[in-house]
Amino acid sequence: MDPAARLGSAQIDVVAQLAVSTVLLGGIYALIAIGLTLIFGIMRVVNFAHGEFLMLGMYLAFFAFTLKSIDPWVMLPVALVIFFAVGLLVYVLVMKGVIHASHNVQIFTTVGLSTALQNIALVLWSGDYQLFRPWHASVVLRLGATAFNLSQVVAFAVAVLMTAALFAFMKFAHTGRVMRATAQDRDAATLMGIDTDRVYRLTFAIGIACVGTAGVLVSPLYAAYPQAGLQFVTLAYVVVVLGGLGDMVGALAGSLIVAGVEVGGSYVFGTAWKEVLYFILFIAVLVFRPAGLFGQRGAESLGV
Amino acid sequence: MSRRLLTLLVVSLIVSAVTAVSFGQSGEYKIGVLEPLTGPLAGEGKRHLEGYEAVRDMINERGGVMGKKLVFTVADVPDPTAAATEATRLVTREGVKIVTGTYSSRLCGAASEAAVRHNVIYWETSCVDPRFNKRGLKNVYRTEIDATGFGWYNVEFIAKHLAPRLGKKPNELKIAFLSEDSSYGQGVTESARQRAKQEFGMQEVGSVEYYKFDTTNDFTSVIVKLKQAQPDILHHIAYTNDAILFYRQAKEQNLQVKAVVHAGATGYGAADFGKAHGNDANGVFALLEPGPGFRVEALKPEGQKIEKEFRDAIQKKTGSYPLGAHQLAGGGLWLLKTVLDRAKTDDPDKVREAVMSLDLPVGSMINGWGVKFSETGQNANERVQHYMLQWQNGQLVTVWPEEFTTNRAKWIPLPAWDQRK
């Protein structure tokens, strides 16, 4: 092979690996963002404690694996139930009291919740970085010159499934329609006989169930520690704004875009530029398409 | 409120404050300890504090400092803002004359700045930010070497040990630099780059990549670039979660280099890295304080005694061989005791005289350190002996300099990933 052609194939390999990593990283961001976009979109609450539920999911998987040798994949349905219950509980104990309050109060509340959860984790489980390796985390799949591991592929598949399921639920199920109606106009929904408090409770529980499950899925990939949620949550906000509030498919697309900017941008400009790049994107979207890339026009002002 | 009542109130407040302070000192001598006990550095901060506590007990068994029992008032400093406010609080409210800490280069600058503003002594035992001792602050001391010292030792090891074992001259080695972007990573990396190039003519390949350690979720772009650059040596300065993530992805994407060299008690030097990667971690180097295999016999007699006692104390307290954070805190506090024994007071000028008069050879203290402070309050690089440790089957063991250890460095060059056993 002549050198020029070899260079060509090397470049293709690079692009292929970057693309594969983008898609898989995007899947992880989407897992985190769909719960956030749901809560953000329907309740209009900025949940700053979102990342902490991810962290709790990671610890749940970690302890299930190290103490009881339960594989995180087996833990998925369990986590779904546990975090749904946790979501209900947190709603009743914390969020219910501030749901009709101003945004400032809600922000203080969720930031407080975030700090509290981080410190509870710190007290209970120390600040150590905990990573465990179930069998699938060590299975490396190779496709051409690209490599990725099985845990990541499954995380991506689950992200797509969850997105699709939530999308269908919101679009076709009666409860989904009720949730959308509440998002569009809380007062009108109440007048139509919708119990908005019940809708918010359900929304919050589903959102937390999503992110808790996400924590279980990413646990073989990223070390669990009390601040693990912070590593992802600012990104999740960028994703939600890109995709449009409450838009599941938008969240998936937004995740892929953010991951693409991160992986590709780091390759072209250097890793140090990563955050500059996606926050430029974030600001640009806020300026030019405030409803999100895929959001409906005017959606940004709904209920706010 | 009448003026007389107000005066009375103020006077009584002052009286109670004064009694509180003097009560605190009866038989006890209190120093302020700043540690990141929450936040991303909490794990290491906790170990750092354990190191302090072990040596505090050793000191008290020997009669304490200045004839009084040494006690701590500990403050949690997860970030630079907290470091500054808590340092101020310890001085103004707790009345301490000596503040020590802080484990991290992110914290020591702010903490020391606040402490010396109140004319107390700031005694840093572990941060490595090179700017720390270049601010002309009079009562600021650091017992650990700075990041330039880390870079100095790393390149020393690469040139004098790795190069011959790879069958190359130093100037034939290709080296790539990757680092987290705090003053710690940048300090080590830039000093290593400079020495590697100017003194040994090593070939730097690829671009130097700095990344933010707490928000980097994917290293593909870095790994792809490293594969293109094909370095012999990867010089990577990392915090812990980033080292764990990078190494997982490096294995998956089959990044093959001949050696990975790190410096410091975080990242590859942290216990969590070994726990996360098991035998995949085999072969990685981290510049640190001495680990298993360290020949205590190579130290001076007084150094041997205190080193053994320190190890036993940590073993008893934590159930493990002292880790980097233990050793930095322990070594640093023992040095403070040595200074106070000599000064017999906490008066900043007398303490400074005592610090400057100390001249102990390598092998005299915990960790095999010696002592010789410069005018800027920095213990000399060549006295603060550092050691290259290597991950070998789940343990970081001392492998260099060879006169200090019974272990030998293995896996040079690093074999394929599935053969690092």
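What counts as what
Residues numbered from 1 in each chain as written. Chains lettered and ligands numbered in written order. Predicted model: local features only at pLDDT ≥ 70, side-chain atom pairs only at ≥ 80, totals over all residues. Helix = DSSP H or I, 4+ residues; strand = E, 2+ residues; numbered from the N terminus. Rg over C-alpha atoms; globule rule 2.2 N^0.38 Å. Contact = placed C-beta atoms within 7 Å. Buried ≥ 20, exposed ≤ 12 C-beta atoms within 10 Å, placed from the backbone. Pairing = 2+ DSSP bridges. Axes fitted to C-alpha atoms, helices over the stretch in contact; angles between N-to-C directions. pLDDT = per-residue confidence, 0-100. Nonpolar A, V, L, I, M, F, W, Y, C, P; charged D, E, K, R; others polar. Parallel < 35°, antiparallel > 145°, perpendicular 65-115°, else oblique. Left-handed = near helix turned anticlockwise from the far one by under 90°. Right-handed = clockwise from strand over helix to strand, strands pointing away. Core = buried A, V, L, I, M, F, W, Y, C linked by C-beta atoms within 7 Å. Bend = angle between axes of the 7 residues up to and from the residue.

## Quick word on the overall build of chain A
Logical step 1: When helices and strands are counted, chain A shows 11 helices and two strands.
Logical step 2: When the helices and strands of chain A are listed from N to C terminus, the series reads α-α-α-α-β-β-α-α-α-α-α-α-α.
Logical step 3: Since a compact globule built from 304 residues should have a radius of gyration of about 19 Å, the 20 Å found for chain A is in line with a globular shape.
Logical step 4: Judged by the C-alpha coordinates and their principal axes, chain A covers about 75 × 50 × 35 Å.
Logical step 5: Within chain A, contacts between residues separated by at least 24 positions form 77% of all contacts whose residues are at least 6 apart in sequence.

## Digging into the overall build of chain B
Logical step 1: Secondary structure assignment for chain B yields 12 helices and 13 strands.
Logical step 2: For a compact globule of 421 residues, the expected C-alpha radius of gyration is about 22 Å, and chain B comes in at 23 Å, within 12% of that figure.
Logical step 3: Judged by the C-alpha coordinates and their principal axes, chain B covers about 80 × 50 × 40 Å.
Logical step 4: Counting every position in chain B, which comprises 421 residues, the buried fraction comes to 57%.
Logical step 5: For chain B, the proportion of contacts with a sequence separation of at least 24, taken over those separated by at least 6, is 70%.

## Description of unusual backbone geometry
Residues and elements named next belong to chain B.
Logical step 1: Here the residue pair Gly101 and Thr102 is connected by a cis peptide bond, since its omega of -20° sits within 30 degrees of zero.
Logical step 2: Structurally, the position occupied by Thr102 is in the loop between strand E3 (98-101) and helix H4 (108-117).
Logical step 3: Of the consecutive residues Trp400 and Pro401, the connecting peptide bond is found in the cis state with omega at 0°.
Logical step 4: Structurally, the position occupied by Pro401 is in the segment after strand E13 (395-400).
Logical step 5: With phi around 45°, Gln230 is a residue other than glycine that occupies positive phi space.

## What to know about the pairing of strand E2 (residues 146-149) of chain A
Residues and elements named next belong to chain A.
Logical step 1: Bridge count for strand E1 (residues 140-143) against E2 is four bridges, and the pairing is antiparallel. Each residue of the ladder has a partner; that of Leu143, found in E2, is Thr146.
Logical step 2: Between E1 and E2, which pair antiparallel one after the other, the connecting turn spans two residues, and Gly144 there sits at a positive phi close to 60°.

## A look at the sheet that holds strand E4 (residues 121-124) of chain B
Residues and elements named next belong to chain B.
Logical step 1: Across the sheet, which stays open at both edges, the five strands sit in the order E2-E1-E3-E4-E5 with parallel pairing between neighbours. Each edge of the sheet is formed by a strand with only one pairing partner; in this case those strands are strand E2 (69-76) and strand E5 (140-142). Strand-to-strand twist of the sheet, defined as the mean angle between neighbouring strand axes without regard to direction, takes the value 25°.
Logical step 2: For E3 and E4, the ladder comprises four bridges, and the chain directions are parallel.

## Regarding the confidence of the model for chain A
Logical step 1: Averaged over every residue, the pLDDT of chain A is 89; residues scoring 70 or more account for 94%.
Logical step 2: In the predicted structure, residues 1-5 of chain A sits below a pLDDT of 50 and forms one contact with residues beyond four places in sequence or in another chain.

## Considering the interface of chain B and chain A
Logical step 1: Facing the 31 residues of chain B at the interface are 32 residues of chain A.
Logical step 2: Among the elements of the structure, helix H2 (42-61), strand E8 (209-211), helix H7 (220-229), helix H8 (240-252) and helix H9 (271-277) of chain B are those that each provide at least two residues to the side of chain B that touches chain A.
Logical step 3: Of the residues that constitute the side of chain B that touches chain A, the class distribution is nine nonpolar, 13 polar and nine charged.

## Digging into the packing of helix H6 (residues 174-184) of chain A against helix H8 (residues 196-218) of chain A
Residue and element names in this part refer to chain A.
Logical step 1: Across the interface, H6 lies against H8 with an axial gap of 10 Å and an inter-helix angle of 110°. In terms of axis orientation, H6 runs roughly perpendicular to H8. In this structure, H6 uses Thr175, Val178, Met179 and Thr182 to contact H8, whose residues at the interface are Thr196, Val199, Leu202 and Thr203.
Logical step 2: When its residues are assigned to classes, the contact of H6 with H8 shows four nonpolar, four polar and no charged.

## Considering the environment of Val240 of chain A
All names here are of chain A.
Logical step 1: Along the chain, Val240 turns up in helix H9 (residues 230-243).
Logical step 2: Considering only alpha carbons, one finds Val240 and Gly35, 205 residues apart in sequence, at a separation of 9.8 Å.
Logical step 3: Discounting residues that sit within four places of it in the chain, Val240 has contacts with Ala33, Leu36, Thr37, Phe40, Leu245 and Ala251.

## Focus: the confidence of the model for chain B
Residues and elements named next belong to chain B.
Logical step 1: Looking at chain B, pLDDT values average 91 and 94% of them are 70 or higher.
Logical step 2: Low pLDDT, under 50, characterises residues 18-25; the predicted model gives this stretch three contacts beyond four residues in sequence or across chains.
Logical step 3: As a predicted assembly, this complex carries a pTM of 0.84 together with an ipTM value of 0.88.

## Structural notes on the packing of helix H10 (residues 248-269) of chain A against H7 of chain B
Logical step 1: Two elements in contact, H10 of chain A and H7 of chain B, have axes whose closest approach is 8 Å; the angle formed by their N-to-C orientations is 35°. Like other packed secondary-structure pairs, H10 of chain A and H7 of chain B cross with a definite hand, here right-handed. Seen from H10 of chain A, the contacting residues are Val263, Ser266 and Tyr267 of chain A; seen from H7 of chain B, they are Thr220, Ser221, Val224 and Lys225 of chain B.
Logical step 2: Residues of the contact of H10 of chain A with H7 of chain B, tallied by class, amount to three nonpolar, three polar and one charged.

## Remarks on the pairing of strand E10 (residues 259-263) of chain B
Residues and elements named next belong to chain B.
Logical step 1: Among the five residues that make up E10, five are buried, leaving the element largely enclosed by the rest of the structure.
Logical step 2: With three bridges joining them, strand E9 (residues 233-237) and E10 adopt parallel strand pairing. Counted as the bridge partner of Leu234 is Val260 from E10.
Logical step 3: In the classification by handedness, the crossover that spans E9, the intervening H8 and the parallel E10 is right-handed.
Logical step 4: In this structure, E10 lies alongside strand E11 (residues 285-288), joined through three bridges in parallel fashion. For Ala263, the partnering residue across the bridge sits in E11 and is Leu287.
Logical step 5: Taking the sense of rotation as the criterion, the β-α-β connection linking E10, H9 and E11 turns out right-handed.

## What to know about the nonpolar core
Logical step 1: By size, the foremost hydrophobic cluster in this structure holds 228 residues, and its most contacted members are Tyr29 and Ile32 of chain A together with Ala111 of chain B.
Logical step 2: It is helix H1 (residues 3-43) of chain A that contributes the most residues to this core, 17 residues altogether.

## Side note on the environment of Ala30 of chain A
All names here are of chain A.
Logical step 1: With respect to the secondary-structure elements, Ala30 resides in helix H1.
Logical step 2: Once the C-alpha coordinates of Ala30 and Phe156 are considered, the two residues, 126 residues apart in sequence, prove to be 8.4 Å apart.
Logical step 3: Setting aside its immediate chain neighbours within four residues, Ala30 contacts Ala159, Thr163, Ala251, Leu252 and Ser255.

## Quick notes on helix H3 (residues 72-93) of chain A
Logical step 1: The principal kink in H3 of chain A, of about 40°, is found at Val78 of chain A.
Logical step 2: The complete set of buried residues in H3 of chain A reads Pro72, Met75, Ala79, Phe83, Phe84, Gly87, Val90 and Tyr91 of chain A.

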